[in-house]
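# Observations on the three-dimensional arrangement
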Amino acid sequence: MPKKITKNLNLFTIRLPMPALVSILHRMSGAVLFIFMPFLVVAFCNSLTSASFYERTISQLFSFPFVLIFYLHGLGAHPSSDCWIQAFAFRHANWK
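As a starting point, this report considers the structure included with it. (Residues numbered from 1 in each chain as written. Predicted model: local features only at pLDDT ≥ 70, side-chain atom pairs only at ≥ 80, totals over all residues. Heavy atoms only, no water.)

With 32 residues, helix H1 (residues 18-49) ought to run about 46 Å at 1.5 Å a step, and its terminal C-alpha atoms sit 45 Å apart, in line with that. Taken as a whole, H1 carries its principal kink of about 45 degrees at Phe 36; the proline Pro 38 stands between one and four residues after it. Looking at H1, one finds that the buried residues are Val 22, Ser 29, Ala 43 and Ser 47. (Helix = DSSP H or I, 4+ residues; strand = E, 2+ residues; numbered from the N terminus. Expected span 1.5 Å × (residues − 1). Bend = angle between axes of the 7 residues up to and from the residue. Buried < 20%, exposed > 50% of the residue type's maximum accessible area, 1.4 Å probe, protein only.)

Shown next, in the form of structure tokens:
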């Protein structure tokens, strides 16, 4: 008789260490940036064509949703990953 293997399919009950959470969030933000890259390139090209397109592009990029997303990403993902990088660099430094 084959051995029964229990599988925990509820991902919210699994406790991950902090570096794993930071890694997952960093990968998700990279995927979002990759998806939005064509839109950013088009916005950049439109902003270079004329002054009116530039004003429109700037007003769209400084609208509330974009600014909120940029601030949340900047304040959330980068300081936490930087702290972990510094902690591991300090831990694994060669102090001879």
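What follows deals with the packing of aromatic side chains. Within the structure shown, the criterion is met by one aromatic pair. With centroids separated by 6.0 Å and ring planes inclined at 55 degrees, the aromatic side chains of Phe 36 and Phe 39 adopt a geometry described as tilted. In this pair, Phe 36 and Phe 39 both sit in helix H1, three residues apart, roughly one turn of the helix. Relative accessible area serves as the criterion here: at 55%, Phe 39 is assigned to the exposed category. (Phe/Tyr/Trp six-rings, centres within 6.5 Å; stacked < 30°, edge-to-face > 60°.)

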